[in-house]
Structures are given as C-alpha cells and as structure tokens.
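Each chain, written out:
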Amino acid sequence: MTAGNRVVFVDGVRTPFGRAGEKGMFWQTRADDLIVKAMMGLLERNPAVPVEEIDDVAIAATTQQGDQGLTLGRTAGILAGLPRHVPGFAIDRMCAGAMTAVTTTAGGIAMGSYNIVLAGGVEHMGRHPMGFNADPNPRFLAEKLVSADALNMGATAERLHDRFPHLTKERADAYALRSQQKVSAAYEAGYIQPDLIPVSAKTAEGWTLATVDEAPRPETTLEGLASLKTPFRPHGRVTAGNASGLNDGATICMLASEEAAEQFGLGVKMTMVSFAFAGVEPEVMGIGPVPATEKALRKAGLDIKDIGLFEVNEAFAVQVLAFLDYFGIADDDPRVNEYGGAIALGHPLASSGVRLMIQLAHQFERHPEVRYGMTTMCIGLGQGGTVIWENPHYKGAK
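Values in this document were obtained by computation on a predicted structure and should not be read as measured data.

So, how was this worked out
- Residues numbered from 1 in each chain as written.
- Predicted model: local features only at pLDDT ≥ 70, side-chain atom pairs only at ≥ 80, totals over all residues.
- Heavy atoms only, no water.
- Helix = DSSP H or I, 4+ residues; strand = E, 2+ residues; numbered from the N terminus.
- Rg over C-alpha atoms; globule rule 2.2 N^0.38 Å.
- Buried < 20%, exposed > 50% of the residue type's maximum accessible area, 1.4 Å probe, protein only.
- Contact = heavy atoms within 4.5 Å.
- 1 Å grid on protein atoms, 1.4 Å probe; cavity = no way out; pocket = protein on both sides within 12 Å on 5 of 7 lines; lining within 4 Å.
- Points joined across faces, edges and corners; volume = space filled by probe spheres on them.
- Nonpolar A, V, L, I, M, F, W, Y, C, P; charged D, E, K, R; others polar.
- Pairing = 2+ DSSP bridges.
- Expected span 1.5 Å × (residues − 1).
- Salt bridge = Lys/Arg side-chain N within 4 Å of Asp/Glu carboxyl O.
- Patch = residues over 30% accessible without salt bridge, like charges linked within 9 Å, V, L, I, M, F, W, Y side chains within 5 Å.
- Areas by Shrake-Rupley, 256 points an atom, 1.4 Å probe, with all protein chains shown as cover.
- Core = buried A, V, L, I, M, F, W, Y, C linked by side-chain atoms within 4.5 Å.

A.B. asks: I'm lost on the overall build of the protein in this one. Help?
C.D. replies: Check the secondary structure of the protein and you find twelve helices and twelve strands. Here the C-alpha radius of gyration of the protein, 20 Å, is about what a compact globule of 398 residues would show, namely 21 Å. Dimensions of the protein, computed from C-alpha atoms along their principal axes, come out at roughly 60 × 50 × 50 Å. Each of the 398 residues in the protein was classed as buried or not, and the buried ones make up 59%. A separation threshold of at least 6 residues defines the contact pool for the protein, and within that pool the share at least 24 residues apart is 80%.

A.B. asks: Would you explain the environment of Val122 in this entry?
C.D. replies: Position of Val122 among the secondary structure elements: in strand S5 (residues 116-124). Along the sequence, Val122 and Ser351 sit 229 residues apart, while their C-alpha atoms lie 4.8 Å from each other. The contacts of Val122, once residues within four sequence positions are left out, are Ala31, Leu34, Ile35, Ile59, Ala60, Ala61, Gln68, Leu72, Gly249, Ala250, Ala350 and Ser351.

A.B. asks: How should the layout of surface pockets be read in this particular structure?
C.D. replies: A probe matching the size of a water molecule, rolled over the atoms, marks out where space remains unfilled. Quantified by volume, the largest pocket comes out at close to 800 Å³. Contributing to the lining of the largest pocket are 37 residues, with Met94, Met130, Gly131, Leu151 and Met153 lying nearest its centre. Broken down by class, the residue content of the lining of the largest pocket amounts to 22 nonpolar, 13 polar and two charged. Taken together, the elements giving at least two residues each to the lining of the second largest pocket come down to helix H7 (222-226) and helix H11 (342-345). Examining the composition of the lining of the second largest pocket, we find that three residues originate from one element, H11, more than from any other.

A.B. asks: Explain the pairing of S5 to me, please; I cannot follow it from the model alone.
C.D. replies: In terms of burial, S5 is largely enclosed, as nine of its nine residues are buried. Alternating residues of S5 divide into Ile116, Leu118, Gly120, Val122 and His124 and Val117, Ala119, Gly121 and Glu123, and every residue in both groups is buried. Bridge count between S5 and strand S8 (residues 247-257): nine bridges; the pairing is antiparallel. Each residue of the ladder has a partner; that of Glu123, found in S8, is Gly249.

A.B. asks: In this structure, what is going on with helix H12 (residues 352-366)? I would like to understand it.
C.D. replies: The periodicity of an α-helix, 3.6 residues per turn, causes residues three or four places apart in sequence to face the same way. Look at H12: 22 Å from first C-alpha to last across 15 residues, which is about the 21 Å you get at 1.5 Å a residue. Extensive coverage of H12 is indicated by the burial of 13 of its 15 residues.

A.B. asks: Would you explain the pattern of salt bridges in this entry?
C.D. replies: A side chain with one charge may pair with a side chain of the opposite charge, provided their charged atoms come close. Throughout the structure, instances matching the rule amount to 20 salt bridges. For Lys169, the salt bridge goes to Asp173, with nearest N and O atoms at 2.6 Å. Here Lys169 and its partner Asp173 are both found in helix H6 (residues 169-189), four residues apart, which amounts to about one turn of the helix. Of the two residues, Lys169 and Asp173, both sit in the buried class. Among the charged side chains, a salt-bridge network with shared partners connects Arg6, Glu258, Arg371 and Glu390.

A.B. asks: Even after reading the chapter, I still don't get a nonpolar patch on the surface, so can you show me in this structure?
C.D. replies: A cluster of nonpolar side chains, namely Phe140, Leu141, Leu145, Leu151 and Leu381, defines an oily patch on the protein surface of about 420 Å² accessible area. Looking at the element boundaries, Leu381 is found in the loop between strand S11 (372-379) and strand S12 (383-390).

A.B. asks: Quick question: what am I supposed to make of the nonpolar core here?
C.D. replies: For soluble globular proteins, the rule of thumb is that nonpolar side chains tend to be buried together. In this structure, Phe310, Phe316, Phe323, Met374 and Ile388 are the most contacted members of the largest nonpolar core, which totals 43 residues. Secondary structure elements with two or more residues in this core: helix H5 (153-163), H6, strand S9 (270-279), helix H9 (289-300), strand S10 (307-312), helix H10 (317-326) and S11. If you tally residues by element for this core, the top one is H10, at seven residues. Counting residues in each nonpolar core, the second largest holds 39 residues, with Val7, Leu356, Ile358 and Val387 among its members.

So this is what it looks like as structure tokens:
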C-alpha cells in the first residue's frame, strides 16, 4: 500500500473445487464445512501464527442462506477452533466476494486496526444456486435501469461478443482449450496440489477423500468445443466449454501487516501494492476488469507494461479476451493464467478471488524476474475488481 502499514499475503489455501449438483463430490457436504476445513488447513500449515493474535475473519458468499449464511466469518471461526474473542463477519460482492474480503481487511491493516486477519470465500452452487430466492426489484426492468440480459451472466457474455465482434467464438474456444491444457500441465508439474486441502466427502458410493479438482477436462478438443450448444442465445457464441462451470469450493488466506509478519516470523508470499473496484454497464459486466485495472494502476503509479504476471478470472473466455485486447496483450501471452483458470478449474463464485491470489503467489516464487503481478475479475451486475501485488522474491529483470 502507498500509505500506512504495508499489507502482506502470508499464505493461502483452498479446497479442491467440485462440480455442483447431485453428481458432484461435495453434494452431501455442507458449505460451512468446506470453509472450516480450508481454514483449519491454513492454520495447520502455519503453526507459527499465534491464533490469539488474529484480529478478524472475513468470509464471503454470494447466496447467503442455509448452511452458507449466519455470519460465516464468525461461525466458521468458532467451528475451526479459533479463540472465542476472535470476531468475524460475512461479505458479498458476488464473484469478487473473497477478493473484497481481502481488500476490506487489508484496509484495516493499512490503517493500523488489524495485525493479522483471515479472508476468503465459499460457494456451494449445488446447495445454493446463484440468485436462488433472490427478488430483484421490479424497478430494474420497469424503469429500464438495466435490460433483462443484465440479470443473466451468460447473456452478458453474449453481449460482449456483440460489442466486440472480432472476439469470435473461434477465439473463445481456442482460449478455453489452452486453459484446459494449462491446468493439465500445472497438475503434471505439481504446481497446484501443494495449496489444496483434502476434504472428506460422503458420496453415493461411500466416503471419499477429495484431493484434486473435479471439473478439468484434459481431453478437450477444438472440435468438441465447436460442437457444443449455445444455451444463452440461438446460434450464439457462449457455450459450457468456453465458460466457467457451476462449482462448489472454498478458499482462505492470511494477511498481516509487514511488522506483524516480522514480529511473529511469518513468511511473506506477496505484498499488496494497490486495489480498485469499478462499475460498468451491467449488460456487459465482463468488461469490468478494464476500468478497475486502470484505476488500480493509476493508484500504484504503474503502467500495464509493469505487470509481469496476470491472474484473470475466466468467468467467460470472451471476458478475458476483451481485457487482453484492450491492453494489447496476445490471447496466448504466457504471462496470463500460467496455470490455467476457471474455465477448467471451476468458479465457485465468491471463493474465486483468493484462488487467483494463491496461483499468483506460487508463480512469484518461480519467477524472481517478475516484480509486479495482478489478480482481476469481472463481477455480476456490472463491476470489476483488481489487486496489484509485488513479488518479495524479485531479483531484477533477466
């Protein structure tokens, strides 16, 4: 941060991401149990952290009801065994819930109110489908504040294709294929597994241990992608293959002030430089990362050319392509989503922001020539969010 206490990313973990629905591995697993398991895993692998010094717990969820409601930060903290004096709260910014949990608590660290915090998110889209039981105000449509498309994320992606016709379905499919291939390569290299916390899950066949993501399809081909239906529009361009799926999963990270990290001997994987959120037309919400990134760069005094690694949430391939196209970055630039993204791994809504951070932190360790990296995502109802991070392992450009 440019003022106040510097905020560091100590560590982050996540559960494997499951497919939503009755056939998914977490169908019979509670949402709060997912975030509790992730939280316990984070604390177990960071034994130097004095849990009594944790100042707050912020956990996000988009559909806050049932086992995904009841002030998740507080209930998860109690269930994970944190001391009763550690408070907690729930937060919602749809897809950027966990990202907002991070930036909100980081602000508390920067002004000196917090020393150590836990921030993350959970989404059980099998138990709690996006928007379930929501009651949008009729004024949205009656007064034409937004179009009906604005309330359907797939329709907003089709609109993005309309606005940028050069971002064709063929380009989207090619991008989606690379995401699957990158995830497969990252798994083969062992880059993803270290940050996954195994979860015991009850299935129709009995108990199992979930240790890997369920959604990736390494067998994907361009021919297969081209043949998929376009559910959001007849003869459209958005398919199940070039969009993220419906998923269940949880993420959690630990942030601290630089002083607290030094005092308690905590590792530092990243340092926060700046963050920003911005609003756009809800009908083309996928373009949200563009103004958010411009704002975050401005606050940091940086240029897009200063960013050496990008973690862009793949809600839809066209949304990532619109971001890359705007900044003059090639579709297949190796700096972008080196380990693949949500098209292959899944997008359990409010949890995804920290998943981006976990992957960026791992890449920083392998790329000491990179000084700055970025996590960015589009957000439902027309928003974008971006966080810029500095690599503590930076040794100068090659």
